[in-house]
Amino acid sequence: MGSTFSQPWREMPKNNRGNLDYVKKYQPRNVDVQHLRVLLHGPVGAGKSSFINSVDSVLQGEITGRALTDGNLVEGSFTKKYKNYKITRQSDPNSHYCVSFNDIVGLEENRGVHVDDIILALKGHVRDGYKFNPLSPLNEGDEGYNPSPNLQDRVHVLVSVIPADGAVMITDEMVNKMRKIRRAASDMGIPQLAIITKGDKACPAVKDKVENLYKSKYLKQKFDGLCVRLGFPSNCVFLVKNYDKETSLKDDVDAPILCALRQIISVGDNFLNDKTRAVIGQTISQPWREMPA
């Protein structure tokens, strides 16, 4: 499990500055959107909230923990509400970076978040702060239902988060749920990526040296299996090690996080730009000013 290739099977940047500057300077080209909305979904304990905290830490320049996490998987998902996390700019406490994340209740066997709720969230129908009901999906007219979502309310990128370690069993039922969510996102044109977390817990070589993420033979096997099982192209899947017990930032931990984040922003902004072009190309049935015959 701890063996490695002599060369990485995906290159990591030698310097994080380029990706960090890209993320910090990003602004949506679509004027109707203030921030790119990214929805994270996956099994309970996959590391969705930890990934949000890790991104927040990298951009803040210090370890943070805004999205609460819990290592006890027996009690189910620690996340209960639909919450949007915006990341404050270091230079101005009153402004935010132009990418935000929505955490959601984890997928579980016979419980957890309803697939229909996630699809409603993709469409922008779930209000921020809505507390998910494991017994009943959200319906039109319920408190927490947004009947008239705009483009900012909608999800712009869907990210599947999968753990590499064996603490969470990815069952066929979970895979079917994730595929159903992905099909719905595809129907809406929403781009999709996947993040594999906890490589350091799954592979001793990575635990000893995070730079081995893309050298680990075990993680390459996990990577290939995920691509086949969930139907992701390999260039849409990224390995990361979330900040967990660290008390200070490390370049080798930042690098894969920033690589994944830059690609999330890139595909999301292309989606928003396509929406801009679609609006520009639309016409109304009757002219708003008569043309001479």
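The shown structure was predicted, so the numbers you read here are calculated from the model rather than taken from an experiment. (Residues numbered from 1 in each chain as written. Predicted model: local features only at pLDDT ≥ 70, side-chain atom pairs only at ≥ 80, totals over all residues. Heavy atoms only, no water.)

Trainee: Would you mind going over the overall build of the chain with me for this structure?
Mentor: A count of helices and strands for the chain gives eight helices and eight strands. Classification of the 293 residues of the chain by burial places 51% in the buried group. On the chain, roughly 14800 Å² of surface is accessible, and the fraction owed to carbon and sulfur atoms is 48%. (Helix = DSSP H or I, 4+ residues; strand = E, 2+ residues; numbered from the N terminus. Buried < 20%, exposed > 50% of the residue type's maximum accessible area, 1.4 Å probe, protein only. Areas by Shrake-Rupley, 256 points an atom, 1.4 Å probe, with all protein chains shown as cover.)

Trainee: I keep staring at the sheet that holds strand β2 (residues 83–88) and nothing clicks. Help me out?
Mentor: Two strands in a sheet stick together by hydrogen bonds in their backbones, pointing the same way (parallel) or opposite ways (antiparallel). Taken together, the six strands give an open sheet; going across it, the order is β2-β3-β1-β6-β7-β8, and neighbouring strands pair in mixed fashion. This sheet does not close on itself; its edge strands, each paired only once, are β2 and β8 (237–239). The sheet shows a mean angle of 25 degrees between the axes of neighbouring strands, direction not considered. In this structure, β2 lies alongside strand β3 (residues 96–103), joined through five bridges in antiparallel fashion. Residue pairing across strands places Tyr85 opposite Phe101, the latter belonging to β3. The strands touched by helix α4 (residues 172–187) within the sheet are β1 (36–41), β6 (157–163) and β7 (192–197), with β6 carrying the most contacts at an inclination of about 165 degrees. (Pairing = 2+ DSSP bridges. Axes fitted to C-alpha atoms, helices over the stretch in contact; angles between N-to-C directions. Contact = heavy atoms within 4.5 Å.)

Trainee: I'm lost on the packing of aromatic side chains in this one. Help?
Mentor: We describe a pair of aromatic rings using the distance from one ring centre to the other and the angle between the two ring planes. Applying the stated rule across the entire model yields five aromatic pairs. Between Phe51 and Phe101, the ring centres sit 6.1 Å apart and the planes meet at 85 degrees, which makes this aromatic pair edge-to-face. Highlighted residues: Phe51 in helix α2 (residues 48–60) and Phe101 in strand β3, separated in sequence by 50 residues. Considering the side-chain rings of Tyr82 and Phe132, the 6.1 Å spacing of their centres and the 85 degrees angle between planes classify their relative orientation as edge-to-face. Of this pair, Tyr82 sits in the loop between α2 and β2 while Phe132 sits in the loop between α3 (115–123) and β6; the two residues are 50 residues apart in sequence, bridging distant segments of the chain. You'll find Tyr82 and Phe132 in the same group, each marked buried. The residue whose ring lies beneath Lys83 is Tyr85, and the NZ or CZ to ring-centre distance is 5.3 Å. (Phe/Tyr/Trp six-rings, centres within 6.5 Å; stacked < 30°, edge-to-face > 60°. Lys NZ or Arg CZ within 6 Å of the ring centre and 35° of its normal.)

Trainee: Looking at this structure, how should I read the environment of Ile196?
Mentor: Along the chain, Ile196 falls in strand β7. Considered as a pair, Ile196 and Val240 are 44 residues apart in the sequence and their alpha carbons are 6.2 Å apart. Non-local contacts of Ile196, meaning those with residues more than four positions away in its chain, are made with Ile162, Ala164, Lys222, Phe223, Leu226, Val237, Phe238, Leu239 and Val240.

Trainee: For this particular structure, what's the right way to read the packing of α3 against α4?
Mentor: Two quantities define a packed helix pair, namely the angle between the helix axes and the distance between the axes. It is at 10 Å that the axes of α3 and α4 come closest, and there the two elements cross at 25 degrees. Taken together, the axis directions place α3 and α4 in an arrangement best described as roughly parallel. The interaxial crossing formed by α3 with α4 has right-handed handedness. Residues Val115, Asp116, Ile118, Ile119 and Leu122 of α3 form the contact with α4, whose participating residues are Lys177, Lys180, Ile181, Ala184 and Ala185. A per-class count over the contact of α3 with α4 returns seven nonpolar, no polar and three charged. (Parallel < 35°, antiparallel > 145°, perpendicular 65-115°, else oblique. Left-handed = near helix turned anticlockwise from the far one by under 90°. Nonpolar A, V, L, I, M, F, W, Y, C, P; charged D, E, K, R; others polar.)

Trainee: Whenever I open this one, a positive patch on the surface confuses me. Can you help?
Mentor: Taken together, Arg66, Lys80, Lys81, Lys83, Lys86 and Lys131 make up a surface patch of like positive charges. On the secondary structure map, Lys83 appears in strand β2. A relative accessible area of 39% places Lys83 in the partly exposed class. (Patch = residues over 30% accessible without salt bridge, like charges linked within 9 Å, V, L, I, M, F, W, Y side chains within 5 Å. Salt bridge = Lys/Arg side-chain N within 4 Å of Asp/Glu carboxyl O. Lys, Arg positive; Asp, Glu negative; His and termini not counted. Charge placed at Lys NZ, Arg CZ, Asp CG, Glu CD.)

Trainee: Looking at this structure, how should I read the pairing of β7?
Mentor: Walk down a regular strand and you will see the side chains alternate between the two sheet faces. Within β7, six of the six residues are buried, which leaves the element mostly enclosed by the surrounding structure. Handedness of the crossover joining β6 and β7 through α4: right-handed. Where β7 meets β8, three bridges bridge the pair, whose relative direction is parallel. Residue Ile196 lies in a different strand from β8, and its bridge partner there is Leu239. (Right-handed = clockwise from strand over helix to strand, strands pointing away.)

Trainee: I'm lost on the environment of Ile181 in this one. Help?
Mentor: Of note, Ile181 is situated in helix α4. By relative accessible area, Ile181 is classed as buried at 0%. Between the C-alpha atom of Ile181 and that of Leu158, which follows or precedes it by 23 residues, the distance is 9.2 Å. Not counting residues up to four positions away in its chain, the partners in contact with Ile181 are His41, Val115, Ile118, Leu122 and Leu158.

That is the geometry; function is a separate question.
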